[in-house]
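# Coordinate analysis (summary)
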Amino acid sequence: FLDLRGFTAWSEQQAAADVSQYIALVMQEVSSVVGQYGGTIDKYMGDSVMAFWDSKDDTYHAQQAVDAAIAIELHFSKADSVINQHSQPLDYGIGINSGTAMVGQLGTKDRASYTVMGDVVNVASRLEALSSTMGCRIIIGSETVEQLENIVCKSLGEVNLRGRKKSVSIYTPTMPINNIG
């Protein structure tokens, strides 16, 4: 999950057409990076994007998801990125978790969409929401960290996530891999 921080307050002061154009540009940049690293965009939800990596087709899905998050961070740090081209640049948070989920056409008989569902998805969403209070842009669950090969992560401790009984260990990457471009 990726969500823009401060978006509601910013958009309150903007024309709807300007907000729509800005979101389209941000989502295009995010979508491009996600695709480059083998991910699938599940949906756009206002100022958020949900993507997933299907481990059935690729055993390096956790690595690719974190590589994509770091690539997004590196891209958005550039002065020419759309996120920095406004008088009030917006920040963002990313949450990544790995595990088993239901993937496919889900919904009702009247309206279904190709998506993912499961506890792993809920946890990823909650991790993204924690990123601003934890003072970092990317938060990764322990199941993801266990699968990483080229990224050093710093432990942020154990947290209780809203709506869950079990606490989770969370991390943030401290060193990007060298081959992200």
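Up top is the structure these notes are about.
A brief report on the enclosed structure follows. Throughout this description, residue numbers start from 1 for each chain and increase along the sequence as written. It should be noted that, the model being predicted, local features are given only for residues of pLDDT at least 70 and side-chain atom pairs only at 80 or more, the latter also being counted only at that level, while totals for whole chains, interfaces and linings use all residues. For the side-chain quantities, the full set of heavy atoms in the structure was used; hydrogens and water were omitted.

It is worth spelling out the pattern of salt bridges at this point. Salt bridge, as used here, is a side-chain nitrogen of Lys or Arg placed within 4 Å of a carboxyl oxygen of Asp or Glu. The full count for this structure, using the stated rule, is five salt bridges. The shortest N-O distance in the salt bridge between Lys43 and Asp42 comes to 2.7 Å. Classification of residues uses two cut-offs on accessible area relative to the type maximum, computed with a 1.4 Å probe and protein chains only: under 20% is buried, over 50% is exposed, and between them is partly exposed. By relative accessible area, which is 12% here, Asp42 ends up buried. With a shortest N-O distance of 2.7 Å, Asp91 and Arg137 are connected by a salt bridge. Pair noted here: Asp91 is in strand S4 (residues 91-96) and Arg137 is in the loop between helix H4 (119-134) and strand S7 (138-141), with a separation of 46 residues, a long-range link. We count a stretch as a helix when DSSP gives it H or I for four or more residues in a row; a strand needs E for two or more, and each element gets its number in order from the N terminus.

Turning our eyes to something else, we now look at H4. Here the expected length of a helix is defined as 1.5 Å per residue gap, with one fewer gap than residues. Between the first and last C-alpha of H4 there are 22 Å, a value that for 16 residues agrees with the 22 Å anticipated at 1.5 Å per step. Along H4, the positions that sit buried rather than exposed are Val120, Val121, Val123, Ala124, Leu127, Glu128, Leu130 and Ser131. At the exit of H4 stands Gly135, carrying a positive phi of roughly 75°.

By nonpolar core is meant a set of buried Ala, Val, Leu, Ile, Met, Phe, Trp, Tyr and Cys residues that side-chain atoms within 4.5 Å join together. Counting residues in hydrophobic clusters, the biggest one holds 34 residues, and the most contacted among them are Leu4, Tyr22, Val30 and Ile94. Broken down by secondary-structure element, the contributors of at least two residues to this core are strand S1 (2-5), helix H1 (7-12), helix H2 (16-36), helix H3 (61-76), S4 and S7. What Val30 contacts, discounting residues up to four positions off in sequence, is Leu2, Val49, Ile72 and Phe76. Val123, Leu130, Ile139 and Ile170 belong to the second largest nonpolar core, which has nine residues in total. By definition, residues are in contact when any of their heavy atoms lie within 4.5 Å.

When the centres of two rings from Phe, Tyr and Trp lie within 6.5 Å, Trp using its six-membered ring, the rings pair. Their planes under 30 degrees apart give stacked, over 60 give edge-to-face, and anything left gives tilted. Applying the stated criterion to the full structure yields four aromatic pairs. A ring pair is formed by Phe7 and Trp10, whose centres lie 5.9 Å apart and whose planes are at 40°; its orientation type is tilted. One end of the pair is Phe7 and the other is Trp10, both in helix H1 and three residues apart, which spans about a single turn. A relative accessible area of 11% places Phe7 in the buried class. Here Trp10 and Tyr22 contribute two aromatic rings whose centre-to-centre distance is 4.9 Å and whose plane-to-plane angle is 50°, an arrangement assigned as tilted. Here Trp10, found in helix H1, pairs with Tyr22, found in helix H2; they are 12 residues apart in sequence, far enough to count as distant. For Trp10, a relative accessible area of 4% gives the class buried. Here the aromatic residues Phe7, Trp10 and Tyr22 are joined through ring pairs into a cluster of three or more.

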